[in-house]
Amino acid sequence: MAGLVAGAFSMALGEFASVHTQNDAVAAEVAVERDEIRRHPRAEQAELAEMYEGMGLSRPTAEAVAREVHADPEPAVKVHITQELGVDPDEQPPPWTAAASSFLCFAVGGIIPLVPYLFGSSALALGLLVGAVGLFVAGALTSRFTARPWWFSGLRQLLFGAIAAGATYVVGMLIGVSMTG
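To start, this report covers the structure provided alongside it. Computed from a prediction, not measured in an experiment: that's the story for all the values here.

Description of a nonpolar patch on the surface
Where nonpolar side chains cluster on the molecular surface, the patch consists of Y169, V170, V171, M173, L174, I175 and V177 and spans about 740 Å² of accessible area. According to the relative accessible area criterion, V171 is partly exposed, its value standing at 46%.

Here you go:
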């Protein structure tokens, strides 16, 4: 249980830091782009026209679109960031939401293999079986959001869980941790 709680907090804090850092990086890029547009408006407009031309617009159309976009610096900054980085600076995920989601997902996933122990069982095999079923089901459910078949996603998640459990076991064995305590 201590490992579950520690892991959930670790995942949440890591996710918070990761999303916050990503948002900070986007904000820094926005500041750089805003400064570039302010200092070199013609070069930035030409750069945007080249991007549009690369997307298949004719040169005159690409230049007209770039000119219209650059009529107002703020939309121009947003268009450049969207085109160059592939992100919308106005739609960055909140770090707290990412942290809470990561905490809950880790906690729910971590409690599944402990269910037999919470009901009084001390059989490692039962805990492993329940954990394996949980991993497979979680993976199969993710297939609803992908083009992969449910069985593939389930098996992949089961494989990843087995690798993580195996690595944990090997590291424990190498540092002298015993399961018979």
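Re the packing of aromatic side chains
All chains considered together, the criterion is met by four aromatic pairs. Look at F136 and W150: their rings are 6.0 Å apart centre to centre, the planes differ by 85°, and that puts the pair in the edge-to-face class. Remark: W150 occurs in helix α8 (residues 150-174) and F136 occurs in helix α7 (residues 124-142); sequence separation between them is 14 residues. Between the aromatic rings of W151 and F152, the centroid separation amounts to 6.3 Å while the plane-to-plane angle is 80°, which identifies the pairing as edge-to-face.

Description of a negative patch on the surface
Taken together, the side chains of E29, E47, E50 and E84 make up a negatively charged region of the molecular surface. One can find E47 in helix α2 (residues 41-54). Relative accessible area serves as the criterion here: at 30%, E47 is assigned to the partly exposed category.

What about the nonpolar core?
Counting residues in each nonpolar core, the largest one holds 13 residues, and the members touching the most others are V30, L48, Y52, V69, V77 and V79. Secondary-structure elements contributing two or more residues to this core are α1 (2-39), α2, α3 (59-69) and α4 (73-85). It is α4 that contributes the most residues to this core, four residues altogether.

Considering the pattern of salt bridges
This model, assessed by the stated rule, comprises seven salt bridges. Its salt-bridge partner being R34, residue E74 comes within 2.8 Å of it at the nearest N-O pair. You can see E74 sitting in helix α4 and its partner R34 sitting in helix α1, a full 40 residues away along the chain. Judged by relative accessible area, E74 falls into the partly exposed class, the value being 42%. E53 is the salt-bridge partner of R59, the closest N and O atoms lying 2.7 Å from each other. Assessed through its relative accessible area of 31%, R59 is described here as partly exposed. Look at the salt bridges and you will find they share partners, linking D35, R38 and R39 into a network.

Observations regarding the environment of E63
Mapped onto the elements of the fold, E63 is located in helix α3. Given a relative accessible area of 32%, E63 falls into the partly exposed group. Separated by 16 residues in sequence, E63 and V79 place their C-alpha atoms 14 Å apart. Excluding residues within four positions of it along the chain, E63 makes contact with Q45 and A49.

With respect to α1
Taking 1.5 Å of rise per residue, the 38 residues of α1 would be expected to cover 56 Å, and the 55 Å separating its terminal C-alpha atoms lies within 8% of that figure. For α1, the elements touching its buried residues are α2, α4 and α5 (95-111).

Overview of the side chain of S153
Note on placement: S153 falls in helix α8. If we ignore the near neighbours within four places in the chain, the residues touching S153 are G139, A140, T142, S143, T146 and R148.

The rules behind the values
- Residues numbered from 1 in each chain as written.
- Predicted model: local features only at pLDDT ≥ 70, side-chain atom pairs only at ≥ 80, totals over all residues.
- Heavy atoms only, no water.
- Patch = residues over 30% accessible without salt bridge, like charges linked within 9 Å, V, L, I, M, F, W, Y side chains within 5 Å.
- Areas by Shrake-Rupley, 256 points an atom, 1.4 Å probe, with all protein chains shown as cover.
- Salt bridge = Lys/Arg side-chain N within 4 Å of Asp/Glu carboxyl O.
- Buried < 20%, exposed > 50% of the residue type's maximum accessible area, 1.4 Å probe, protein only.
- Phe/Tyr/Trp six-rings, centres within 6.5 Å; stacked < 30°, edge-to-face > 60°.
- Helix = DSSP H or I, 4+ residues; strand = E, 2+ residues; numbered from the N terminus.
- Lys, Arg positive; Asp, Glu negative; His and termini not counted.
- Charge placed at Lys NZ, Arg CZ, Asp CG, Glu CD.
- Core = buried A, V, L, I, M, F, W, Y, C linked by side-chain atoms within 4.5 Å.
- Contact = heavy atoms within 4.5 Å.
- Expected span 1.5 Å × (residues − 1).

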